[in-house]
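Reading the structure
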Amino acid sequence: MIDRRQLLVTGALLGLTPATGFAKESLGQDNPVVDAFVKAHGFQGIVMTGGAGKASYARAFGMADSEAGRPATIDTRYAIASISKWLTTVTALKLAERGKLALDTPIATILRDYRPDTGAKVTLQHLLSNMSGIPSMFLPAAKLDPGVLEREVSAAEGVRLYASADLAFEPGSKFDYAMTNWFIITAMVEAVTGQPFQQVVRTITLDPLGLKHTDAARSSRDLPTTAASYRGAPLVRMPARRLDIMAAGGGYYSTAADLLRAAHLVFDTGFLSGDSLRELKTIRAPDDRYALGGRIRSLQIGAQTRLAGWETGNTEGYRSVLGHRFDDHSTVVILNNTGMSQRTLDLFADSLFGAAPPTS
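In this text, all values refer to a predicted model and were calculated from it rather than measured experimentally.

**Quick notes on the packing of helix H8 (residues 155–162) against helix H9 (residues 180–193)**
- At a closest axis distance of 8 Å, the pairing of H8 and H9 adopts a crossing angle of 145°. Considering how the two elements wind past one another, H8 and H9 form a crossing that is left-handed. Between H8 and H9, the residues in contact are Ala155, Gly158, Val159 and Tyr162 and Thr180, Phe183, Ile184, Thr186, Ala187 and Glu190, respectively.
- Looking at side-chain class alone, the contact of H8 with H9 contains six nonpolar, three polar and one charged residues.

Right, dumping it as structure tokens:
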């Protein structure tokens, strides 16, 4: 296992500083901090760092598709899994700015056919923070019948089938990473706009941000220049089937450059109103550091604690980290397709920011 403190020492020798977190080098040049990690862990994927939306370092490692003999490039797309939740949340906040939704809007106000008891108690904010108390019946159903993952359903039907059970806890009292929260959000977005969810995200968020290589897809085979998914030792190719209704919570694919751009534009430039940005960065579940659609991470850099937006994704063999410091607008993007430990990637991202390993 690579020594995290040694990574920081090596980074300091290269010019990594608490002020910037990044070595002053051109794209693609060797970075011993990255190279040490790649060698120690057999990392395969993309590492990109930058500031104010511009990449200062970008390297691709290993294969995007081993069977096809296709190496990864910095333009390869990867499934970003739960980073999709962050994009969905940005879209919901933009709709709130337009008066279409509000964070305190109950489900039943928008979805008139939803059960009135729980529908009057659970709000959009509860759903976006994964604190609704509505248990997910989707994965248990898929476990009993794998065909569930092959049958497309509308958002309204998905809510009826998988997101209408009795509450497991009082809304807002606990954190539960339930996929069906995002089924309901999908249905709410479609109800207030009269448009398909993915079209709304494209129109309101992806296109205005200039994210030309970010799309939802049912599998990696549906998009060009996309990495396949692998896990195990030796690596075994994994299926990555996603229904359309899963897009909001985990169905998008993207490139490192698109993610770096999105973090800068959303967090730094006024793409969201001041009120919306405060909501996006406000932690709702302290034990999990979860805000709306993603986490806020504390980085110990020198004697200072710096806060960063911390979006991560984990599905099949895909792993991703999108970290963005709020103070200096620096960004780290890591994309992997071999099922690496999420904690290992988080610690690697910490080191690229010049942050000390957490004490716990």
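After that view of the structure, there is still more to cover.
**A few points about the confidence of the model for the chain**
- Per-residue confidence for the chain gives a mean pLDDT of 91, with 92% of residues at or over 70.
- The low-confidence segment residues 1–26 (pLDDT under 50) makes 60 contacts with residues lying over four places distant or belonging to another chain.

**A look at the nonpolar core**
- Counting 84 residues, the largest nonpolar core has Trp86, Ile107, Ile184 and Met188 as its most contacted members.
- If we skip the residues at most four places from it in the chain, Ile107 touches Tyr114, Gly119, Val122, Leu127, Ile134, Ile184 and Met188.
- With 22 residues, the next largest nonpolar core counts Leu299, Ala308, Met340 and Leu352 among its residues.

**Section: the layout of surface pockets**
- Empty space within the second largest pocket amounts to approximately 310 Å³.
- Considering the residues around the second largest pocket, the lining is formed by 18 residues, among which Ser82, Lys85, Tyr177, Met179 and Asn314 are closest to the centre.
- Looking at side-chain class alone, the lining of the second largest pocket contains six nonpolar, nine polar and three charged residues.

**Quick word on the environment of Ala240**
- The residue Ala240 is located in the loop between strand S8 (236–238) and helix H11 (247–250) in this model.
- By relative accessible area, Ala240 is classed as buried at 13%.
- Excluding anything up to four places from it in sequence, Ala240 contacts Arg218, Ser219, Tyr253, Glu316 and Tyr318.

**A word on the sheet that holds strand S11 (residues 304–315)**
- Ordered by their spatial adjacency, six strands build an open sheet running S2-S1-S13-S12-S11-S10, and the pairing between neighbours is antiparallel. In this open sheet, the two edge strands, each paired with only one partner strand, are strand S2 (54–61) and strand S10 (295–301). This sheet shows a mean twist of 15° between the axes of neighbouring strands, independent of strand direction.
- As paired strands, strand S12 (residues 318–325) and strand S13 (residues 330–336) are joined by six bridges and run antiparallel to one another. By the bridge assignment for S13, Leu322 is matched with Val333.
- Along the sheet face, helix H2 (residues 32–41) touches strand S1 (45–51) and S2 and points at about 25° away from the line of S2.
- Along the sheet, helix H3 (residues 83–97) contacts S11 and S12; its crossing angle with S11, the most-contacted strand, is approximately 110°.

What counts as what
- Residues numbered from 1 in each chain as written.
- Predicted model: local features only at pLDDT ≥ 70, side-chain atom pairs only at ≥ 80, totals over all residues.
- Heavy atoms only, no water.
- Axes fitted to C-alpha atoms, helices over the stretch in contact; angles between N-to-C directions.
- Helix = DSSP H or I, 4+ residues; strand = E, 2+ residues; numbered from the N terminus.
- Left-handed = near helix turned anticlockwise from the far one by under 90°.
- Contact = heavy atoms within 4.5 Å.
- Nonpolar A, V, L, I, M, F, W, Y, C, P; charged D, E, K, R; others polar.
- pLDDT = per-residue confidence, 0-100.
- Core = buried A, V, L, I, M, F, W, Y, C linked by side-chain atoms within 4.5 Å.
- Buried < 20%, exposed > 50% of the residue type's maximum accessible area, 1.4 Å probe, protein only.
- 1 Å grid on protein atoms, 1.4 Å probe; cavity = no way out; pocket = protein on both sides within 12 Å on 5 of 7 lines; lining within 4 Å.
- Points joined across faces, edges and corners; volume = space filled by probe spheres on them.
- Pairing = 2+ DSSP bridges.

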